[in-house]
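One letter stands for each residue in the lines below.
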Amino acid sequence: MHMLYACMAALVVWAIVPLVAPHYAPMAATLFVIYLLVGLFAAWIATREEA
């Protein structure tokens, strides 16, 4: 569940950073993609452990 919060925080960063500092927008997008992949992988592991 904590990885879901991390993914949501990365989504918020991705939405706010381009408004505050547009030159950091690619960094925010990269951060979001990395956290999304890690979150999906963590969710996959969690569902495999329950089975």
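Structural notes, computed from the coordinates. Because the structure is predicted, anything quoted here is derived from the model rather than measured.

Thresholds applied
- Each chain has its residues counted from 1, following the order in which its sequence is written.
- It should be noted that, the model being predicted, local features are given only for residues of pLDDT at least 70 and side-chain atom pairs only at 80 or more, the latter also being counted only at that level, while totals for whole chains, interfaces and linings use all residues.
- As a rule here, side-chain values cover all heavy atoms of the structure and leave hydrogens and water aside.
- In this analysis, rings of Phe, Tyr and Trp, with Trp reduced to its six-membered ring, are considered paired at centre separations within 6.5 Å, and the interplanar angle assigns stacked below 30 degrees, edge-to-face beyond 60, and tilted for intermediate values.
- Secondary structure counts use DSSP, requiring at least four H or I residues in a row for a helix and at least two E residues in a row for a strand, with both numbered from the N terminus.
- Here's how the labels work: a residue is buried when its accessible area is under 20% of the maximum for its type, exposed when over 50%, partly exposed in between, all with a 1.4 Å probe on protein chains only.

### Let's talk about the packing of aromatic side chains
At step 1: Throughout the structure, instances matching the rule amount to 2 aromatic pairs.
At step 2: On the numbers, 4.6 Å between centres and 15° between planes, the contact of Trp14 with Phe32 is stacked. Residue Trp14 is located in helix H1 (residues 2-20), and its partner Phe32 is located in helix H2 (residues 25-50); the two are separated by 18 residues in the primary sequence.
At step 3: The class of Trp14 is partly exposed, set by a relative accessible area of 37%.
At step 4: On the accessibility criterion, Phe32 (14% relative accessible area) is buried.
At step 5: A ring pair is formed by Phe41 and Trp44, whose centres lie 6.0 Å apart and whose planes are at 20°; its orientation type is stacked. Of this pair, Phe41 and Trp44 both sit in helix H2, 3 residues apart, which is roughly one turn of the helix.
At step 6: For Trp44, a relative accessible area of 45% puts it in the partly exposed group.

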